[in-house]
Amino acid sequence: MDAHKNSFSVILKHPSAFLPLAMSFTALTMMLGYLAIHGVAREADEGAVAHLWQILMAGQMPIVAFFAIKWLRRAPKQTLGVLALQAGAGLASMAPVFLLGL
């Protein structure tokens, strides 16, 4: 197989590679937007933003698993790079939740 077909940027353009990144960044943006408007005050009920955040974060797990299964054998080095990006984006989205105790 041609090395160019399995380059990092080519693999990153596949939906199973970029969708988890988009989902994590969407979750982070929603969380930061909510915090900017409402502050850190805890509520009795979690609210819509918390539920959407949970859906976005949990919903990307099967996509990440599919990506890893499909690409790990074809291009291990590039796949591990994309998986590291996906993990970093997920951790960035989780950081406000853990750091602020939400």
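All figures in this text were calculated on a predicted structure; none of them were measured in a lab. (Residues numbered from 1 in each chain as written. Predicted model: local features only at pLDDT ≥ 70, side-chain atom pairs only at ≥ 80, totals over all residues. Heavy atoms only, no water.)

*Asks:* Just to check I follow, could you spell out the overall build of the protein chain for this structure?
*Replies:* A count of helical and extended segments in the protein chain gives 4 helices and 0 strands. Listing the helices and strands of the protein chain from first to last along the sequence gives α-α-α-α. Rg of the C-alpha trace for the protein chain: 16 Å, well past the compact-globule value of 13 Å for 102 residues, more than 25% over. Overall, the protein chain is about 55 × 20 × 20 Å in size when its C-alpha atoms are taken along their principal axes. Classification of the 102 residues of the protein chain by burial places 33% in the buried group. Taking the intrachain contacts of the protein chain between residues at least 6 apart in sequence as the baseline, contacts between residues at least 24 apart amount to 75%. For the protein chain, the exposed surface amounts to about 6,400 Å²; the carbon and sulfur share of it is 72%. (Helix = DSSP H or I, 4+ residues; strand = E, 2+ residues; numbered from the N terminus. Rg over C-alpha atoms; globule rule 2.2 N^0.38 Å. Buried < 20%, exposed > 50% of the residue type's maximum accessible area, 1.4 Å probe, protein only. Contact = heavy atoms within 4.5 Å. Areas by Shrake-Rupley, 256 points an atom, 1.4 Å probe, with all protein chains shown as cover.)

*Asks:* What exactly am I supposed to notice about the nonpolar core here?
*Replies:* In a soluble, globular protein the nonpolar side chains are often hidden away together inside. Core analysis: the biggest nonpolar cluster contains 9 residues, these being I11, A17, V64, F67, A68, W71, A75, V82 and L83. Contributions of two or more residues to this core are made by α3 (48-71) and α4 (76-99). Per-element accounting of this core gives the leading share, 4 residues, to α3. With near-sequence residues (within four places) excluded, I11 lies in contact with N6, A17, F67, W71, A75, Q78 and V82. In this structure, M23, A27, M31 and L56 belong to the second largest nonpolar core, which totals 8 residues. (Core = buried A, V, L, I, M, F, W, Y, C linked by side-chain atoms within 4.5 Å.)

*Asks:* Would you mind going over the packing of α3 against α4 with me for this structure?
*Replies:* Packed helices, taken two at a time, are described by the angle between their axes plus the distance between the axes. Contact pair α3 / α4: the axes reach a minimum separation of 11 Å and the direction vectors enclose 170°. Between α3 and α4, the crossing angle belongs to the class labelled roughly antiparallel. Residues W53, M57, V64, F67, A68 and W71 of α3 lie in contact with α4, whose contacting residues are P76, T79, V82, L83, Q86, G90, S93, M94 and V97. Partitioned by chemical class, the residues of the contact of α3 with α4 number 11 nonpolar, 4 polar and no charged. (Axes fitted to C-alpha atoms, helices over the stretch in contact; angles between N-to-C directions. Parallel < 35°, antiparallel > 145°, perpendicular 65-115°, else oblique. Nonpolar A, V, L, I, M, F, W, Y, C, P; charged D, E, K, R; others polar.)

*Asks:* Help me out: how do you make sense of the packing of helix α2 (residues 15-38) against α4 in this one?
*Replies:* Remark: α2 packs on α4, axes separated minimally by 9 Å, with the N-to-C direction vectors making an angle of 15°. Comparing their axes, α4 and α2 come out roughly parallel. Of the two possible hands of crossing, α2 and α4 adopt the one that is left-handed. Of the residues in α4, those in contact with S16, A17, P20, L21, S24, F25, A27, L28, M31, L32 and L35 of α2 are V82, L85, Q86, A89, G90, A92, S93, P96 and V97. (Left-handed = near helix turned anticlockwise from the far one by under 90°.)

*Asks:* What's the story with the side chain of S93 in this structure? I'm lost.
*Replies:* Inspection of the secondary structure puts S93 in helix α4. Note on S93: relative accessible area 0%, which makes it buried. Within the local environment of S93, its side chain forms a polar contact with the side chain of W53, the two groups lying 2.9 Å apart. Once residues lying within four places of it in the same chain are set aside, the contact partners of S93 are S24, A27, L28, W53 and M57. (Polar contact = N/O pair within 3.5 Å; in protein donor to acceptor, adjacent residues only side chain to side chain.)

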